[in-house]
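# An overview of the molecular structure
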Amino acid sequence: MTIADKVRDLPNYKRLRLIMLSSIGNVQSYENSQEVNLDFTAYLSKPIKKSQLLKILINILSKDNIPASTQSKFDHLMADKLPLEVIVAEDNVVNQKVVSNILQRLGYHADLVANGLEVLPALRRQAYNVILMDLQMREMDGLTATRQICQEWP
């Protein structure tokens, strides 16, 4: 059973959209696997490209599910239309800056943490609507942190 299956088994998370973030070269094998393909809305490979992340976020967060165009267009009022509290768990400073800049261009401010260990106390202090979690981090990886989050906040 995958972590996605476990998340889907939780009563309030059956329709939660999941994005798989993977190392370069691994995305193709995930996308071609029917078993995994059913669990994830989208796939991204590191390093993250701004245009890809923007496209996916717009598709997922848009109330009307308006498809993102191929041009990089930022709706600076997205946060006004769809207010969200966002936290980013990423150990790579460059990726933190990329994600933070993209979210800022959409009108969001994201709290940044460097690993899964830092996510847990942040969630105890404040409720978040979106957690962007890197899977491979030092101290505590994203999968372990996600398991703990699901246990603590069912």
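These remarks concern the structure in this document. This one's a predicted model, so the numbers in the text were calculated from it and none came from an experiment. (Residues numbered from 1 in each chain as written. Predicted model: local features only at pLDDT ≥ 70, side-chain atom pairs only at ≥ 80, totals over all residues. Heavy atoms only, no water.)

Another point: the pairing of strand β4 (residues 110–113). Strand direction decides the pairing type here: strand β3 (residues 86–89) and β4, joined by 4 bridges, are parallel. In the strand pairing of β4, Ile87 is matched with Asp111. Taken together, β3, helix α6 (residues 93–105) and β4 constitute a β-α-β crossover, and its handedness is right-handed. (Pairing = 2+ DSSP bridges. Helix = DSSP H or I, 4+ residues; strand = E, 2+ residues; numbered from the N terminus. Right-handed = clockwise from strand over helix to strand, strands pointing away.)

Take Lys46: it is sitting in the loop between β2 (42–45) and α4 (50–61). Judged by relative accessible area, Lys46 falls into the buried class, the value being 15%. Of note is the side chain of Lys46, whose polar atom sits 3.2 Å from the side chain of Asp134. (Buried < 20%, exposed > 50% of the residue type's maximum accessible area, 1.4 Å probe, protein only. Polar contact = N/O pair within 3.5 Å; in protein donor to acceptor, adjacent residues only side chain to side chain.)

This next bit is on the packing of α4 against α6. For the pair α4 and α6, interaxial distance at closest approach is 10 Å and the crossing angle is 50°. Between α4 and α6, the angle is such that the two are oblique. In this structure, the crossing between α4 and α6 has a hand that is right-handed. Every residue of α6 that contacts α4 at Lys50, Leu53 and Leu57 is listed here: Val98, Val99, Ile102 and Leu103. When the residues that make up the contact of α4 with α6 are grouped by side-chain class, the tally is 6 nonpolar, no polar and 1 charged. (Axes fitted to C-alpha atoms, helices over the stretch in contact; angles between N-to-C directions. Parallel < 35°, antiparallel > 145°, perpendicular 65-115°, else oblique. Left-handed = near helix turned anticlockwise from the far one by under 90°. Contact = heavy atoms within 4.5 Å. Nonpolar A, V, L, I, M, F, W, Y, C, P; charged D, E, K, R; others polar.)

Counting across every chain of the model gives 1 cavity of 30 Å³ or more. Contributing to the lining of the largest cavity are Leu57, Leu61, Leu84, Val86, Leu103, Tyr108, Val130 and Leu132. Elements with a contribution of two residues or more to the lining of the largest cavity: α4 and β5 (130–133). Partitioning the lining of the largest cavity into residue classes produces 8 nonpolar, no polar and no charged. (1 Å grid on protein atoms, 1.4 Å probe; cavity = no way out; pocket = protein on both sides within 12 Å on 5 of 7 lines; lining within 4 Å. Points joined across faces, edges and corners; volume = space filled by probe spheres on them.)

Before going further, it helps to examine the side chain of Asn95. Within the secondary structure, Asn95 is located in helix α6. Judged by its relative accessible area of 8%, Asn95 falls in the buried class. Discounting residues that sit within four places of it in the chain, Asn95 has contacts with Lys46, Pro47, Ile48 and Glu90.

What follows deals with α4. Here α4 spans 16 Å end to end across 12 residues, near enough to the 16 Å set by a 1.5 Å rise per residue. Looking at α4, one finds that the buried residues are Leu53, Leu54, Ile56, Leu57, Ile58, Ile60 and Leu61. Looking at the buried positions of α4, the neighbouring elements they touch are β1 (19–22), β2, α5 (78–81) and α6. (Expected span 1.5 Å × (residues − 1).)

Val86, Leu103 and Tyr108 are the most contacted members of the largest nonpolar core, which totals 27 residues. Here the element with the most residues in this core is α4; it accounts for 7 residues. Discounting chain neighbours no more than four positions away, the residues touching Val86 are Leu103, Tyr108, His109, Ala110, Asp111, Tyr128, Val130 and Leu132. Counting 13 residues, the second-largest nonpolar core is a separate cluster that includes Ile87, Ala89, Leu123 and Ala145. (Core = buried A, V, L, I, M, F, W, Y, C linked by side-chain atoms within 4.5 Å.)

Ordered by their spatial adjacency, 3 strands build an open sheet running β4-β3-β5, and the pairing between neighbours is parallel. The sheet is open, and its two edges are formed by β4 and β5, each paired on a single side. For this sheet, the mean inter-axis angle between neighbouring strands, taken without regard to orientation, is 20°.

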